[in-house]
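Close look at the chain arrangement
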Amino acid sequence: MNNRKDEHVELAKKMYEDNSKSDFDNLKFVYNSLSQISLADVDLKTMVANLEMDYPFFINAMTGGSEKTKLINEQLAYIAKETNIAMASGSLSAALKDEGVKDSFKVIRDINKEGLIFANIGAEYSKAKANKATDILDADALQIHLNVIQELIMPEGDRDFSNWLNNIEEIIKEVSIPVIVKEVGFGMSRETIKQLVDVGVKSVDISGFGGTNFASIENSRRKKAEFDYLKNFGQSTVISLLEAQGFVEKIDIIASGGIRNPLDIIKSLAMGAKAVGISAFFLTYLLDHGVEETIELINSWKQELKVIMTILGKTNIDQLKDLDIIVLKEAKDWCIARDIDYKKFANRSSKQ
Ligand SMILES: Cc1cc2nc3c(=O)[nH]c(=O)nc-3n(C[C@H](O)[C@H](O)[C@H](O)COP(=O)(O)O)c2cc1C
C-alpha cells in the first residue's frame, strides 16, 4: 500500500502533460465589449456542500499513507493554509488498515487547524470506517470516491463492487458532516448522478477525463500492461458537466479533472459547478517549483479569476451561469447524441 501511493505520485507526475489540447477548448464564451463592472467588486466566494469557501477552487484528493506522501501532505496543507483554499486528503484506506501511517494524514489538520479539510475514502467502506476516517482529520466534509476502472486495472485492486451504492446510502445517514461523492478522473453520466441523488447524495464531484489518467497509471504498474486500450475510457470534465445539467439546481456539482488554468475554472463554474478541484497540476507544480512558488501561483490564480470575471462582466460566481457559451466539436456531438440542449448555453443572457 505504501509503495502504491508513492508509485501513484511518481507516475502521475511522469505522465502529467501540460495538456495544450483539452475538451475545455470546446467551450467558448461569447465576448461582449462592455464589461460595466469594476474588478474591485468581484467576489470569489462560493457555497458548496453547506461550506462557505472564500475561493472557488481547492486541492483535490491525492496523498497520504507513506513517509514520502506525508511530506507532500505537509506541504500541501501549508499551501492550503497560507492561501486559504480547501484541501482534500488522499484515500484514508491506508490509515484504516494500518494505524502506523495515520500521521501521514493527520499532519494535514495539525498544520492547518482552522482550514477546510475533506477526508477521502472508497465506496467499499462501511459507515463505522467512514466515521473513523473523518475523525482522523477532524474533517469538514467526507469525499467518497468511485474508481471501478482503476480498481480493475490495479493488479491488487478490488473486484467486487456490488455494495457501493448501499454503502454510500448508509454512510450519508450515519456521518454528521457533508458527503461528496467523487470520481477519480473518468467522469460521470447523468444516470450515475441520478443513482447517487436517489440515495440521498447532495454533492457530486464529476471528476472527468482529461487530466490524471488512472487507467494508464495502473496499467503501467501491471507486468504485461495489457489494458492500454482502456486509456480513453470515460467522459471528459466538460461532457460530465453537460451530463450534469439536470442536477445543477438540485444538488451541488463540483468539477475536477484536467483543470489547467483559471479560465478552465471559470468555464466549469459557468457550466454550473459550485467549486473546482485541482490535483495533478498543483502536485506537479509543487514537486517542480516548491512550496513558496506554489503559494504565489495560487494567489496569482485568485487575481486572474477576478480579471476573467471582469472581462465577462460578472461580479459573483452565481452570475456566471447567465453567460452565453458556445459548445463545439466533440462536446456538441455528444449533446446531440444524448439530447442535451447545447443551444440553450449559447443564448442564456437573452433568456433572463
Ligand atoms: C497522485 C494522485 C493520487 C490520487 N489519489 C486519490 C485518492 O486517494 N482518492 C481520490 O478520490 N482521488 C484521488 N486522486 C484523483 C484526484 O482527486 C482527481 O479526481 C483526478 O486526479 C483528476 O484531477 P486532475 O486531472 O486535476 O489530477 C488522485 C490523483 C493523483 C494525481
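Here is a short report on the structure shown in this document.

Cut-offs applied
Each chain carries its own residue numbering, running from 1 in the direction its sequence is written. Given that the model is predicted, a residue must reach a pLDDT of at least 70 before its local features are reported, and side-chain atom pairs must reach 80 or more before they are shown or counted; all residues, however, enter totals for whole chains, interfaces and linings. Counting from the N terminus, the helices are DSSP H or I runs at least four residues long and the strands are E runs at least two residues long. Within these notes, the globule rule equals 2.2 Å times the number of residues to the 0.38 power, and the radius of gyration is based on C-alpha atoms. Counting other C-beta atoms within 10 Å of its own, a residue is labelled buried from 20 upward, exposed at 12 or fewer, and partly exposed in the gap between, with every C-beta atom placed from the backbone. We call two residues in contact when the distance between their C-beta atoms, placed using the backbone, is within 7 Å. We call a residue near a molecule or strand if the C-beta atom, set from the backbone, is within 6 Å of it. For this classification, the nonpolar set comprises Ala, Val, Leu, Ile, Met, Phe, Trp, Tyr, Cys and Pro, the charged set comprises Asp, Glu, Lys and Arg, and every other residue, Gly included, is treated as polar. Being paired, for any two strands, means DSSP has found at least two bridges between them.

**Thoughts on the overall build of the chain**
Each helix and strand in the chain was counted, giving 15 helices and twelve strands. Taken over the C-alpha trace, the chain has a radius of gyration of 19 Å; the compact-globule value for 352 residues is 20 Å, and the two agree within 12%. Evaluated residue by residue, the chain yields a buried proportion of 46% over its 352 residues. Within the chain, contacts between residues at least 6 apart in sequence are counted, and of these 75% link residues at least 24 apart.

**Brief notes about the environment of Asp 341**
Inspection of the secondary structure puts Asp 341 in the loop between helix 14 (329-337) and helix 15 (342-346). Judged by local crowding, Asp 341 falls into the exposed class, with 11 C-beta atoms found within 10 Å. Separated by 96 residues in sequence, Asp 341 and Gln 245 have C-alpha atoms that sit 9.6 Å apart.

**Thoughts on the environment of Asn 299**
Within the secondary structure, Asn 299 is located in helix 13 (residues 291-312). Under the C-beta neighbour-count criterion, Asn 299 is labelled partly exposed, with 15 such atoms within 10 Å. C-alpha separation for the pair Asn 299 and Lys 13, spaced 286 residues apart in sequence, amounts to 22 Å.

**Focus on the site of the ligand**
Near the ligand lie 26 residues; those nearest to it are His 145, Gly 211, Thr 212, Ser 279 and Ala 280. Its residues assigned to classes, the shell around the ligand shows ten nonpolar, 15 polar and one charged.

**Regarding the pairing of strand 5 (residues 87-91)**
Of all five residues in strand 5, five are buried; the element is thus mostly enclosed. Of the strand pairs in this sheet, strand 5 and strand 6 (residues 117-122) are connected by three bridges, and their pairing is parallel. Paired with Ala 88 across the strands is Phe 118, a residue of strand 6.

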